[in-house]
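# Close look at the chain arrangement
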Amino acid sequence: MEHNHNHRIHNHNVEGKNLVYSILLNVLITLAQVVGGVLSGSLALISDALHNFSDVLSLLFSYVAHKLSRRKASINQTFGLKRAELIAAFVNSFTLVLVALYLVYEAIIRFFEPKEIASDTVIWLALLGIVANGISVLLLKKDADHNLNMKSAYLHLLTDMMASVAVLVGGLLMKYFQIYWIDSVMTLLIAIYLIVVGADLLKKSTQMLMLFTPEHIDIKEIVREAHKIPGINKLYHIHVWHLNEEELHLEAHLDCSEDIRMREFNDLLHELEEMLFEKFGINHVNIQPEFRKEDPKDFIVQD
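Described in the following lines is the structure provided in the data block.

Thresholds applied
Residues numbered from 1 in each chain as written. Predicted model: local features only at pLDDT ≥ 70, side-chain atom pairs only at ≥ 80, totals over all residues. Heavy atoms only, no water. Salt bridge = Lys/Arg side-chain N within 4 Å of Asp/Glu carboxyl O. Buried < 20%, exposed > 50% of the residue type's maximum accessible area, 1.4 Å probe, protein only. Axes fitted to C-alpha atoms, helices over the stretch in contact; angles between N-to-C directions. Helix = DSSP H or I, 4+ residues; strand = E, 2+ residues; numbered from the N terminus. Parallel < 35°, antiparallel > 145°, perpendicular 65-115°, else oblique. Left-handed = near helix turned anticlockwise from the far one by under 90°. Contact = heavy atoms within 4.5 Å. Nonpolar A, V, L, I, M, F, W, Y, C, P; charged D, E, K, R; others polar. Pairing = 2+ DSSP bridges. Lys, Arg positive; Asp, Glu negative; His and termini not counted. Polar contact = N/O pair within 3.5 Å; in protein donor to acceptor, adjacent residues only side chain to side chain.

### Some details on the pattern of salt bridges
Throughout the structure, instances matching the rule amount to eight salt bridges. The partner of Glu-290 in a salt bridge is Lys-293, and the shortest N-O contact between them spans 3.7 Å. Take Glu-290: its relative accessible area is 7%, and that puts it in the buried class. The partner of Lys-297 in a salt bridge is Asp-295, with the nearest N and O atoms 2.8 Å apart. One continuous salt-bridge network, built from bridges that share partners, spans Glu-225, Lys-228 and Lys-279.

This is the structure:
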């Protein structure tokens, strides 16, 4: 069995300290909004506080997962804890959807029983949420482009900022036009957006955890390109999956055209690895060499 790592991974140094700053900002926002929501009677403000509290937990989870994923491999953990961030992304996106569904329920109830709300408190706390979450979003934006865990945290904060904008609009309408049912409408809009972004992230993290073939990978195209390399008779029994966002793995059997020496196979393997990385971004290759072995030769073999 030939096993090789291609070390040309497109690395980005994700800053865990930015998560710490975001956590502190969200704790401040949550406390302020809980107090303000109770005093003002605003459901939108309380729902935003609930969302922010879920974000504090999610950000803490993301931070712990970020640290765990940097641990080195060991005898008992041969991959290290590199999938910790995928688990964090899955849990964060799942809680995002649950929170959204609860907000839908509360908004519907309040819509039929609108209450007078202290709009000034709502307006000022919404402004605080916009500023604090805006800073957090800027802190994590760069990391979110390179890491699914950071993206889940970033989306939580981005939706918080948008929710605060919605709460601000609602507060202004309540202050100047006494339209108190707008509080429920804004809550409902916030919840719908949370469901949309949360479901998409949940789908992506689930696919990675379940070792699905990445959507951008065409296994038939991999086979066609591999079969162009002289010396390869057939590449089959193929598995392609993400270990995490930085490592894309391929495992397969390779039936050689000739009964070659190991040194010659090493050269063949090197050429295959180069092709897989350049054309498909696969940076970890594990190949079982064979010559006229009697076994199923399907691209995907059902065990």
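### Digging into the packing of helix α7 (residues 219-226) against helix α8 (residues 262-280)
Where α7 contacts α8, the two axes come as close as 11 Å, and the packing angle between them is 140 degrees. Overall, the two elements α7 and α8 adopt an arrangement that is oblique. Crossing handedness for the pair α7 and α8: right-handed. Contact residues: α7 offers Glu-221, Ile-222, Glu-225 and Ala-226, while α8 offers Leu-272, Met-275, Leu-276, Lys-279 and Phe-280. Residues that form the contact of α7 with α8 fall into these classes: six nonpolar, no polar and three charged.

### Things to note about the pairing of strand β2 (residues 232-242)
In terms of burial, β2 is largely enclosed, as eight of its eleven residues are buried. For β2 and strand β3 (residues 248-256), the ladder comprises eight bridges, and the chain directions are antiparallel. Among the inter-strand pairings, Tyr-236 is bridged to a residue of β3, identified as His-253. Between β2 and the antiparallel strand that follows it, β3, lie five residues.

### Describing the side chain of Asp-255
Secondary-structure assignment places Asp-255 in strand β3. One buried charge, Asp-255, has no salt-bridge partner; the nearest side chain with opposite charge is Lys-297, at 5.3 Å. A polar atom in the side chain of Asp-255 sits 2.5 Å from the side chain of Asn-233. A polar contact is formed between the side chain of Asp-255 and the backbone nitrogen of Arg-292, at a distance of 3.0 Å. Non-local contacts of Asp-255, meaning those with residues more than four positions away in its chain, are made with Ile-232, Asn-233, Lys-234, Tyr-236, Glu-290, Phe-291, Arg-292, Lys-293 and Lys-297.

That is the geometry; function is a separate question.
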